[in-house]
Amino acid sequence: MTRTNVERLEEFREILVATRREGVRNVHHTRDAMRASGFQIGDSDGSAYGAQLQLLQEQIEAVDRAIEDEKRLALAPESAAQSRRPAKPRIVKRA
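Presented here is an overview of the structure given in this document. All values derive from a computational prediction rather than experimental measurement. (Residues numbered from 1 in each chain as written. Predicted model: local features only at pLDDT ≥ 70, side-chain atom pairs only at ≥ 80, totals over all residues. Heavy atoms only, no water.)

1. Points about the nonpolar core
Side chains of nonpolar character tend, in soluble globular proteins, to be buried together. Convention followed: By nonpolar core is meant a set of buried Ala, Val, Leu, Ile, Met, Phe, Trp, Tyr and Cys residues that side-chain atoms within 4.5 Å join together. With a 1.4 Å probe rolled over the protein chains alone, any residue whose accessible area is under 20% of its type maximum counts as buried; one over 50% counts as exposed, and the rest are partly exposed. Numbering of helices and strands runs from the N terminus; a helix is a DSSP stretch of H or I covering at least four residues, while a strand is a stretch of E covering at least two. Pairs of residues are marked as contacts when any of their non-hydrogen atoms sit within 4.5 Å.
If you look at the biggest cluster of nonpolar residues, it comprises 9 residues: V6, L9, L16, V17, Y49, L56, I60, V63 and I67. Listing elements by their share of this core, those giving two or more residues are helix 1 (5-36) and helix 2 (49-75). The biggest single contributor to this core is helix 2, with 5 residues. Leaving out residues up to four positions away in the same chain, L56 has contacts with L16, T19, R20 and Y49.

Spelled out as structure tokens, the structure:
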């Protein structure tokens, strides 16, 4: 069975969400292990992951917008889709 663009985007979104969840889980695991070992955490509290988390969230939101766009495009009549296609450029010969 052929997957649609929406299905592919939804699968990609699932990968990004799983990556985000795994990162958060790793931060908590590392922090808890360090505390249990008696380490002073200080700057290593996991806040450095915040920048990566922000980038992942921006990517997830971009995929969400792409999914909505693909759904909108799928609902558009074929004639409307054809009218949006760029016309071939005309070649004008100069005398």
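2. Focus on the pattern of salt bridges
Quick reminder of the rule: Any Lys or Arg side-chain nitrogen found within 4 Å of a carboxyl oxygen on Asp or Glu counts as a salt bridge.
Applying the stated criterion across every chain yields a total of 4 salt bridges. Between E11 and R3 there is a salt bridge, with the nearest N and O atoms lying 2.4 Å from each other. When the shortest N-O distance is used, the salt bridge between E22 and R25 registers 2.9 Å. Taken together, the positions of E22 and R25, both in helix 1 and 3 residues apart, correspond to about one turn of that helix.

3. Regarding the packing of helix 1 against helix 2
For the record, the criterion: Helix axes use the C-alpha atoms of the stretch in contact, all axes being lines fitted to C-alpha atoms, and the angles between their N-to-C directions lie in the range 0 to 180 degrees. In what follows, roughly perpendicular refers to angles from 65 to 115 degrees, roughly parallel to angles under 35, roughly antiparallel to angles over 145, and oblique to any angle outside these ranges. Each crossing gets its handedness from the near helix: less than a right angle anticlockwise from the far helix is left-handed, clockwise is right-handed. Polar here means any residue outside two lists: the nonpolar Ala, Val, Leu, Ile, Met, Phe, Trp, Tyr, Cys and Pro, and the charged Asp, Glu, Lys and Arg; Gly therefore counts as polar.
Look at helix 1 against helix 2: their axes get within 9 Å of each other, and the N-to-C directions meet at 165°. The angle between helix 1 and helix 2 places the two elements in the roughly antiparallel class. Here the hand of the crossing between helix 1 and helix 2 comes out left-handed. Classifying every residue of the contact of helix 1 with helix 2 by side-chain character gives 14 nonpolar, 5 polar and 6 charged.

4. Structural notes on helix 2
What counts, and what does not: One fewer than the residue count of a helix, multiplied by 1.5 Å, yields its expected span.
For helix 2, built from 27 residues, the straight-helix expectation of 39 Å at 1.5 Å per residue is met to within 8% by its first-to-last C-alpha distance of 39 Å. Residues of helix 2 that are buried include every one of Y49, L56, I60, V63 and I67, and no others. Summarising the contacts, the buried residues of helix 2 are in contact with helix 1.

5. Looking at helix 1
The first and last C-alpha atoms of helix 1 sit 47 Å apart over 32 residues, in line with the 46 Å expected at 1.5 Å per residue. Within the sequence span of helix 1, burial applies to V6, L9, L16, V17 and G23. Residues of helix 1 that are buried sit in contact with helix 2. Immediately downstream of helix 1, the backbone of G38 shows phi near 90°, a positive value.

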